[in-house]
Amino acid sequence: MMLNSDQTEIDLPPTHSESESVFSDCGGGRAGSTEDAGGIGLCAQSRIAEPGEAMKKDLQHLSREERRRRRRATAKYRTAHATRERIRVEAFNMAFAELRKLLPTLPPDKKLSKIEILRLAICYISYLNHVLDV
């Protein structure tokens, strides 16, 4: 690392030398020291975390909305959502088809848009109310 004219070696952040052990943070600074680690040979900081544990820690600092956004970005979620949406749209279209069968038109098999079906249903219901009132 190059030093600026304003910096001295004392201003640099401390670095670990290669001779220091990974376990130096456990206390004592000696590799293989079991006294500070409770006699188990490893400190709690050096144990390997479970796969899901690291992901949970990464997601904890995110807002609720950001966690939801990330969950919805997965392929599994998208395919499940697409399947649910397809089922919903099919049910919606079947309901319009059933309503269409109940409405009288000339010709009877005339293709109507959804808005035309709704408007015709409104007119037909008001006509039937008028017939019942008379």
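Scoring rules and cut-offs
Residues numbered from 1 in each chain as written. Predicted model: local features only at pLDDT ≥ 70, side-chain atom pairs only at ≥ 80, totals over all residues. Heavy atoms only, no water. Salt bridge = Lys/Arg side-chain N within 4 Å of Asp/Glu carboxyl O. Helix = DSSP H or I, 4+ residues; strand = E, 2+ residues; numbered from the N terminus. Buried < 20%, exposed > 50% of the residue type's maximum accessible area, 1.4 Å probe, protein only. Patch = residues over 30% accessible without salt bridge, like charges linked within 9 Å, V, L, I, M, F, W, Y side chains within 5 Å. Areas by Shrake-Rupley, 256 points an atom, 1.4 Å probe, with all protein chains shown as cover. Lys, Arg positive; Asp, Glu negative; His and termini not counted. Charge placed at Lys NZ, Arg CZ, Asp CG, Glu CD. Polar contact = N/O pair within 3.5 Å; in protein donor to acceptor, adjacent residues only side chain to side chain. Phe/Tyr/Trp six-rings, centres within 6.5 Å; stacked < 30°, edge-to-face > 60°. Lys NZ or Arg CZ within 6 Å of the ring centre and 35° of its normal. Core = buried A, V, L, I, M, F, W, Y, C linked by side-chain atoms within 4.5 Å. Contact = heavy atoms within 4.5 Å. Axes fitted to C-alpha atoms, helices over the stretch in contact; angles between N-to-C directions. Parallel < 35°, antiparallel > 145°, perpendicular 65-115°, else oblique. Left-handed = near helix turned anticlockwise from the far one by under 90°. Nonpolar A, V, L, I, M, F, W, Y, C, P; charged D, E, K, R; others polar.

J.: Looking at this model, I keep getting lost on the pattern of salt bridges. Mind explaining?
T.: Oppositely charged side chains may form a pair once their charged atoms are brought near each other. Under the criterion given, the structure shown has five salt bridges. The salt bridge involving Arg69 is made with Glu66; its shortest N-O contact spans 2.8 Å. With a gap of three residues between them, Arg69 and Glu66 both fall in helix α2 (residues 64–72), about one helical turn apart. The class of Arg69 is partly exposed, set by a relative accessible area of 47%. The partly exposed category is assigned to Glu66, whose relative accessible area is 24%. Here Lys101 ties to Glu98 by a salt bridge, and the two come within 3.4 Å at their closest N and O atoms. Of this pair, Lys101 and Glu98 both sit in helix α3 (residues 75–102), three residues apart, which is roughly one turn of that helix. Classification of Lys101 as exposed rests on a relative accessible area of 64%. Overall, the relative accessible area of 48% leaves Glu98 in the partly exposed class. Through salt bridges with shared partners, a single ionic network connects Glu65, Glu66, Arg69 and Arg70.

J.: When you look at a positive patch on the surface in this model, what are you seeing that I'm missing?
T.: Together, Arg64, Arg67, Arg68, Arg71 and Arg72 make up a positively charged patch on the protein surface. Secondary-structure assignment places Arg68 in helix α2.

J.: Looking at this model, I keep getting lost on the environment of Ser126. Mind explaining?
T.: Considering the arrangement of structural elements, one finds Ser126 in helix α4 (residues 114–133). Reaching out from Ser126, the side chain makes a polar contact with the backbone oxygen of Cys123 at a distance of 2.8 Å.

J.: How should the packing of aromatic side chains be read in this particular structure?
T.: For any pair of aromatic rings, the description rests on two quantities: the centre-to-centre distance and the angle between the ring planes. Scanning all chains against the criterion turns up two aromatic pairs. The ring of Tyr77 has Arg84 lying over it, and the distance from NZ or CZ to the ring centre is 5.8 Å.

J.: Where do I start with the nonpolar core in this structure?
T.: Generally speaking, soluble globular proteins have nonpolar side chains that are buried together. Counting residues in each nonpolar core, the largest one holds five residues, listed as Phe96, Leu103, Leu112, Ile117 and Ala121. Sequence-distant contacts of Phe96, that is, excluding residues within four places in its chain, are made with Lys114, Ile117 and Leu118.

J.: I keep staring at the packing of α3 against α4 and nothing clicks. Help me out?
T.: Each pair of packed helices gets described by two things: the angle between the helix axes and the distance between those axes. Contact pair α3 / α4: the axes reach a minimum separation of 10 Å and the direction vectors enclose 45°. By the angle between their directions, the pair α3 and α4 is classed as oblique. Judged by the sense of rotation from one axis to the other, the crossing of α3 with α4 is left-handed. From α3, Phe92, Asn93, Phe96, Leu99, Arg100 and Leu102 reach across to α4, where they touch Lys114, Ile117, Leu118, Ala121 and Tyr124. Tallied by class, residues from the contact of α3 with α4 come to eight nonpolar, one polar and two charged.

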